[in-house]
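Remarks on the overall topology
Residue-level listing of the chains:
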Amino acid sequence: MLHLRNYIGGELVAPAAGRYLPNIEPATGQVFSHIPDSDANDIARAVAAAEAALPAWRLLPAEDRGRLLVRVAELIERDLDRLAAAESQDNGKPVTLAQAVDIPRAASNFAFFGTAAQHFASETHFQEGVALNYTVRHPLGVVGCISPWNLPLYLFTWKIAPALAAGCCVVAKPSEITPYTAYLLSELCIEAGLPAGVLNIVHGTGPGAGQAIVEHPAIKAISFTGGTKTGEHIARTAAPMFKKLSLELGGKNPNIIFADCNLAEAVQTSLRSSFANQGQICLCGSRIFVERSIYEAFKTEFLAGVAQLTVGDPQAAGSRQGALVSEAHLQKVLSYIELAHLEGGTLLAGGRRVQLEGRCADGYFLQPTVFEGLGPDCRVNREEIFGPVVTLTPFDTEEEALRWANGTDYGLAATIWTRDLNRAHRVAHALQSGIVWVNTWLHRDLRTPFGGMKSSGVGREGGLEALRFFTEPQSITIKL
Ligand code: NAD
């Protein structure tokens, strides 16, 4: 059986204490590999390797750093099928989704930031006859990157690539639930010739390896994506140490559908924004608000689409829905389905665990589930479920839709469907949401700021925001 290893100081090494954790394939419920259960000693070793690599890496011209990152991108593209198969096995997502989204986006993260480093400019402020002020942006030093299980390689590289591009050295931890592609990435970094210690990938649990990253005094910043509760805990630990923090947390995103929309497009995209990756994307729109005059039409077409979402073996090309990531997570989502019944919801589709046959008989499968009749203030409509469960709610006025959309603690992403340009701008500006999509969903431009308001996080990733995060500005004034 496969035993993953840590990537420290340019080498693949066993955890210091020799402890391993089982890693389960969600589609089968069977252990398929073991991963290092690393502790503070492994993190200390990784930090020492990163500190040793830092002086040379930060002084390397951005062009040369960038060339190495682009090389990693090319290797990810070369191995797309192998990486997609690994991601699907580890996470339960359909292999077709990993091929189309996760792995290409991981490659483009490295390609984008590899070249972005060369375009990252600082400012000068000239005071006529008095002084020249200029700003230098120094890499922060050694930084920690911690990522979740839902888009494993995609979100892991989204942090690592800008940190490396900015001249930082990295100690990174993927989720212990989906470590496989991060391990394969470490092999590709060795092949690409990334200097030893520049990137260190340490596997293990949140309270073990993750906490040790957050607590290590030599780590200057933490870039974290994961749950809001974990984000709170990390902020509490890191804030007294004055570490810079970027926190990308949970969401409970509204999808607002006005009567003047292109209904066919709104239905098709809403099926994706509800159920892609089994609803386990922080950007999924799990609260669908539909203007009353088209409510029945939308509902009929949406439910017809849901009926087509085949739940099956993630490796099979025809499966539109794979497995949820773990038994514990499946149970959590099922508990919200029970709660939706208790809160008075009417089940329109799904609601049950799926029992497949053969290889997947013990997998964690769930029907895509739709409820209506739940008020905007009930728990099901306020708490993040992070699974294939959505609610449909009719609304009468724009004001009402906005009030409900903004009526949660979260503020990550929102989608609006309308052909009225004035309304699109008006509603977008009034939404308490870091990201707003109009007549689209999950559209990606790596230059745009990515992140949430309210309990969805602090700071932004993407483009120049990410390069600014991983650097410290220094202002220098020369008297004329
Ligand atoms: P999680 O918070 O349980 O874990 C995320 C990572 O943090 C894992 O690597 C975990 O090992 C680590 N961790 C846990 N405890 C830690 C600690 N004490 N110190 C340091 N690290 C620790 O989240 P998850 O269940 O893996 O992911 C699902 C959550 O992530 C959802 O809430 C989802 O909305 C959120 N998410 C947000 C975004 C975004 O961009 N805002 C993207 C994807 C997922």
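Since the structure is predicted, the reported quantities are computational estimates derived from the model, not experimental observations.

Rules behind the numbers
Residues numbered from 1 in each chain as written. Predicted model: local features only at pLDDT ≥ 70, side-chain atom pairs only at ≥ 80, totals over all residues. Heavy atoms only, no water. Disulfide = S-S within 2.5 Å. Pairing = 2+ DSSP bridges. Helix = DSSP H or I, 4+ residues; strand = E, 2+ residues; numbered from the N terminus. Axes fitted to C-alpha atoms, helices over the stretch in contact; angles between N-to-C directions. Domains from an automatic or database assignment. Buried area = accessible area lost by both parts, 1.4 Å probe. Polar contact = N/O pair within 3.5 Å; in protein donor to acceptor, adjacent residues only side chain to side chain. Nonpolar A, V, L, I, M, F, W, Y, C, P; charged D, E, K, R; others polar.

Across all of its chains, the model carries zero disulfides by this definition. Left unpaired, Cys 189 is separated from the closest cysteine sulfur, that of Cys 145, by 12 Å. Cys 378 forms no disulfide, and the closest cysteine sulfur to it belongs to Cys 284, at a distance of 18 Å.

Time to look at the sheet that holds strand 6 (residues 124–127). Taken in spatial order, the three strands line up as 6-7-25 in an open sheet, and their pairing is antiparallel. Each having just a single partner strand, strand 6 and strand 25 (471–479) make up the two edges of the open sheet. Pairs of neighbouring strands in the sheet enclose a mean axial angle of 20 degrees, with direction left out of account. Pairing of strand 6 with strand 7 (residues 131–139) involves four bridges; the strand directions are antiparallel.

What the domain assignment reports for the protein is domain 1 (2–249 + 456–479) and domain 2 (253–445). Among the residues of domain 1 in contact with domain 2, Ala 27, Trp 149 and Ser 456 are the three that bury the most area, contributing 23% of the side total. For the interface between domain 1 and domain 2, the tally reads 12 residue pairs in polar contact (both at pLDDT 80 or more). When contributions to the side of domain 1 that touches domain 2 are tallied by element, the ones reaching two or more residues are strand 4 (20–25), helix 3 (80–91), helix 4 (95–119) and helix 5 (152–165). Ranked by residue count, the leading element in the side of domain 1 that touches domain 2 is helix 4, at six residues. When the residues that make up the side of domain 1 that touches domain 2 are grouped by side-chain class, the tally is 12 nonpolar, 13 polar and four charged.

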